[in-house]
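Descriptive structure summary
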Amino acid sequence: MKTVKVKRVFWLIVTIHVALLMYGASVHSPTLNEPAHLVAGLSNWKFGRFELYRVNPPLIRMIAALPVMIVGYEEDWSGFYEEPGARPVVEMGEDFVCTNGERTFWLITYSRWVCIPFSVLGAAVSFKWASELAGSRAGLLAAVFWCFSPNILAYSQLITPDAHAASLCLLSCFVFSKWLTRPTWRLALTSGLILGCVELAKTTFIILGPLWFAIWLGYRFARTAPKTAMLRELAMLATQLFLALYVLNAGYGFQGSFAPLGKYTFVSELFSGGVTPTGNRFAMTMLRELPVPLPTEYVKGIDIQQRDFETFGQPSYLNGEFRDHGWWYYYLVVLLLKLPIGTLLLLTNSVYSLLSPRSRHVRHGLAVLCLLPVAIFGVVSSKSGFSHHGRYALPCLPFVFIVISVVLGRAPRNRFHRTCVVAMLVSSCFICPHYLSFFNAGCGGPRRGSNYLLHSNIDWGQDLIFFRRWLKKHGRAKAGLGYYGAFDPTQVGINEIEPIDVGNDWNAISVNVARGHTRAIGTRRNRQMLDDEIYRHFFGRPPDGQVGYSILLFRAAE
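Residues numbered from 1 in each chain as written. Predicted model: local features only at pLDDT ≥ 70, side-chain atom pairs only at ≥ 80, totals over all residues. Heavy atoms only, no water.

Observations regarding the overall build of the chain
When helices and strands are counted, the chain shows 23 helices and 11 strands. For 558 residues, the compact-globule estimate of 2.2 N^0.38 gives 24 Å, and the chain sits close to it at 24 Å. Overall, the C-alpha framework of the chain stretches about 80 × 65 × 45 Å when taken along its three principal axes. Here the chain, with 558 residues, has 57% of them falling under the buried criterion. Long-range contacts, defined as pairs at least 24 residues apart, comprise 76% of the intrachain contacts of the chain with a sequence gap of at least 6. Accessible surface, the chain: about 23,600 Å² in total, of which carbon and sulfur atoms supply 61%. The average position of the 53 basic charges and that of the 35 acidic charges among the side chains of the chain differ by 17 Å. (Helix = DSSP H or I, 4+ residues; strand = E, 2+ residues; numbered from the N terminus. Rg over C-alpha atoms; globule rule 2.2 N^0.38 Å. Buried < 20%, exposed > 50% of the residue type's maximum accessible area, 1.4 Å probe, protein only. Contact = heavy atoms within 4.5 Å. Areas by Shrake-Rupley, 256 points an atom, 1.4 Å probe, with all protein chains shown as cover. Lys, Arg positive; Asp, Glu negative; His and termini not counted. Charge placed at Lys NZ, Arg CZ, Asp CG, Glu CD.)

Listed below in structure tokens is the structure:
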């Protein structure tokens, strides 16, 4: 295929992808975490401080906050407080929605739109990496997988960092792989700077530094090289890691960088020692004066996230079972249920092909691509204190897509491959624009998805705008609403609703609620608890309709 034609096809794919993201971003209500992310980003710019939402680094949310700062917003910072382990940001997100009212929908939309270039970056890197490994056909396939994957489309239209950080991670690993095969100082410096941006996007990627060192060792010891060359490369690798560390600290304005380890007050059992609710197990050891080369809020964020994995206050759910801790195989189940059948078949075919003795040279070229998702998947699976969000494994998907594309690009064209790709595209089209609730046909699709997974895998509060349309269509009906979200729907102008009651003409209940998730719904201003007997009336009852795939409708009994 000619280069000009390939580029045109690629940009056509990306244009459709961007249109889908822009549309999805404009028709879905703020998800459970988005108002909090936006408030934290605004606070980062306004005050130059990073306490809010410290469990996530600030890069993505600060970019998301830019258009809101330009168009203007109403402020309410009264909910802020600070103490060890404090997380007031969710309540402050509610305050933001209450203060800005219905205008919140468009403010969130602007924030989502400004993050779309991250997804374009992911598509471009996927195309480039696969093209270099197996030609333009593989590159276009990788772009198709990225641009039409329901999981990528679901999270790329939000301001939460998962998909955007995955794009940056892919770029970082691509540049690192090029340095690995052609170690130059220019590539080393570029790699270090990009790695720093990745670390500023999501804390999970703190594993990349040690992982890169391990990959470099394995790669070099598999080849004979002069000692001077290895020392030179080691110096380059050290420079990369130093640059990444510098960028990470610079992103926080060097606030608290190199503070002594013994000065921290930790809340997780791992770091506090577990004797009291707060403490520091290093305070009375030789390590107490060790300077920590990380920003204070970054370290505190890791500590709070670790506490959540140790003692999380909300139950985990899998295959119809609630329990107070997670499952090590949770993310494997998520991939089996949330990847399209066509993608799963092609992944199985690719693994089988790579295990063939004839694919030895192909396996060698894909070593970095295969090791990275395995490492990321292993890290997230090891944290089984709670299992709520399949999105934690999202960074694995781009590497999986490229591996599939490279194997297909090197293989002769056949009907099975084409059928699987078409099946993936068809499943993506049918779920549009409700990508967040996607489940493959093998488990019954999104209507039956809640039999297996809850939380952000199907219901993250995203269908409130669709419910508002439903209300207008059924204007004379008396409708109750049990909404799973971080704000009261009346705060955004949805006032035609009643409390949940069996006497209502209709009751609209979020999937998480209808499945018996015991988290309180509503907000601190309008709190409802699922222990109320009225909600138990709907548990397990088949719905009479639905709004999107996250709000179930129950008609009054005759």
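What to know about the pairing of strand β7 (residues 506-510)
For β7, the buried fraction is high: five of the five residues fall into the buried class. Every second residue of β7 is oriented toward a common face, with W506, A508 and S510 on one face and N507 and I509 on the other, all of them buried. As paired strands, strand β5 (residues 479-482) and β7 are joined by four bridges and run parallel to one another. Among the inter-strand pairings, L481 is bridged to a residue of β7, identified as A508. Pairing between β7 and strand β11 (residues 551-555): five bridges, direction antiparallel. Within the sheet, the bridge partner assigned to W506 lies in β11 and is R555. (Pairing = 2+ DSSP bridges.)

Considering the packing of aromatic side chains
What the rule picks out here adds up to 27 aromatic pairs. Between the aromatic rings of F176 and W212, the centroid separation amounts to 4.2 Å while the plane-to-plane angle is 10°, which identifies the pairing as stacked. Of this pair, F176 sits in helix α9 (residues 162-181) while W212 is found in helix α11 (residues 208-221), placing the two residues 36 residues apart along the sequence. By relative accessible area, which is 0% here, W212 ends up buried. With 6.5 Å between their ring centres and 85° between their planes, F266 and F282 make a pair best called edge-to-face. Within this pair, whereas F266 is found in the loop between β1 (259-260) and α13 (269-272), its partner F282 is found in the loop between α13 and β2 (291-292), the two being separated by 16 residues in sequence. Of the two residues, F266 and F282, both sit in the buried class. Each member of the aromatic cluster is reached from another via a ring pair, and the members are Y264, F266, F271 and F282. The ring of F439 is capped by K338, whose NZ or CZ atom sits 4.7 Å from the centre of that ring. (Phe/Tyr/Trp six-rings, centres within 6.5 Å; stacked < 30°, edge-to-face > 60°. Lys NZ or Arg CZ within 6 Å of the ring centre and 35° of its normal.)

Things to note about helix α4 (residues 89-100)
Residues separated by three or four positions in an α-helix point in the same direction, a consequence of the helix having 3.6 residues per turn. Taking 1.5 Å as the rise per residue, α4 with 12 residues should run 16 Å; its terminal C-alpha atoms sit 16 Å apart, in good agreement. Every buried residue of α4 is accounted for by V89, M92, G93, E94, D95, F96, V97 and N100. (Expected span 1.5 Å × (residues − 1).)

Re unusual backbone geometry
Across the junction of C432 and P433, the peptide omega takes the value 0°, indicating a cis bond. Residue placement: P433 occurs in the loop between α20 (415-431) and α21 (464-473). Backbone geometry places F254, a non-glycine residue, at a positive phi of 55°. Note on placement: F254 falls in the loop between α12 (227-251) and β1.

Here we look at the pattern of salt bridges
One pass over the full model with this rule turns up 12 salt bridges. Across the pair E132 and K178 runs a salt bridge, and its minimum N-O distance is 3.3 Å. You can see E132 sitting in helix α6 (residues 116-134) and its partner K178 sitting in helix α9, a full 46 residues away along the chain. Of the charged contacts in the structure, one is a salt bridge between D162 and R391, with a shortest N-O distance of 3.0 Å. With D162 in helix α9 and R391 in the loop between α18 (367-382) and α19 (397-410), this residue pair connects regions lying 229 residues apart in the sequence. (Salt bridge = Lys/Arg side-chain N within 4 Å of Asp/Glu carboxyl O.)

A word on the side chain of T343
Tracing the backbone shows T343 in helix α16 (residues 341-355). The residues touching T343, leaving out its near neighbours within four places in the chain, are F145, F401, I404 and M424.

Here's the deal with the sheet that holds β5
Pairing within the open sheet is mixed, and its five strands lie in the order β6-β5-β7-β11-β10. Sheet topology places β6 (497-498) and β10 (545-547) at the edges, where each strand pairs with a single neighbour. Lying over the sheet, α21 contacts β5, β6, β7, β10 and β11, oriented at roughly 175° with respect to β5. (Axes fitted to C-alpha atoms, helices over the stretch in contact; angles between N-to-C directions.)

Structural notes on the packing of α16 against α20
Taken N-terminus to C-terminus, the directions of α16 and α20 make an angle of 145°; their axes are 7 Å apart at the nearest point. Touching G342, T343, L345, L346 and N349 of α16 are F416, H417, C420, V421, A423 and M424, all from α20. Here the contact of α16 with α20 is composed, by residue class, of seven nonpolar, four polar and no charged. (Nonpolar A, V, L, I, M, F, W, Y, C, P; charged D, E, K, R; others polar.)

Looking at helix α1 (residues 3-27)
Taking 1.5 Å per residue, 25 residues should reach 36 Å; α1 reaches 37 Å between its end C-alpha atoms and fits that length. Burial in α1 covers these residues: V6, F10, I13, V14, H17, L20, L21, G24, A25 and V27. Where the residues of α1 are buried, they touch α5 (104-114), α6, α7 (136-148), α8 (150-156) and α21.

What about the nonpolar core?
Counting 143 residues, the largest nonpolar core has W179, L208, L372 and F399 as the members making the most contacts within it. Sorting elements by how many residues they give to this core places α9 first, with 12 residues. Each residue touching W179, except ones within four places of it in the same chain, is listed here: T184, L187, A188, W216, E233, M236, L237 and Q240. With 21 residues, the next largest nonpolar core counts W470, I494, V547 and L553 among its residues. (Core = buried A, V, L, I, M, F, W, Y, C linked by side-chain atoms within 4.5 Å.)

As far as function goes, none of this settles anything; it's purely spatial.
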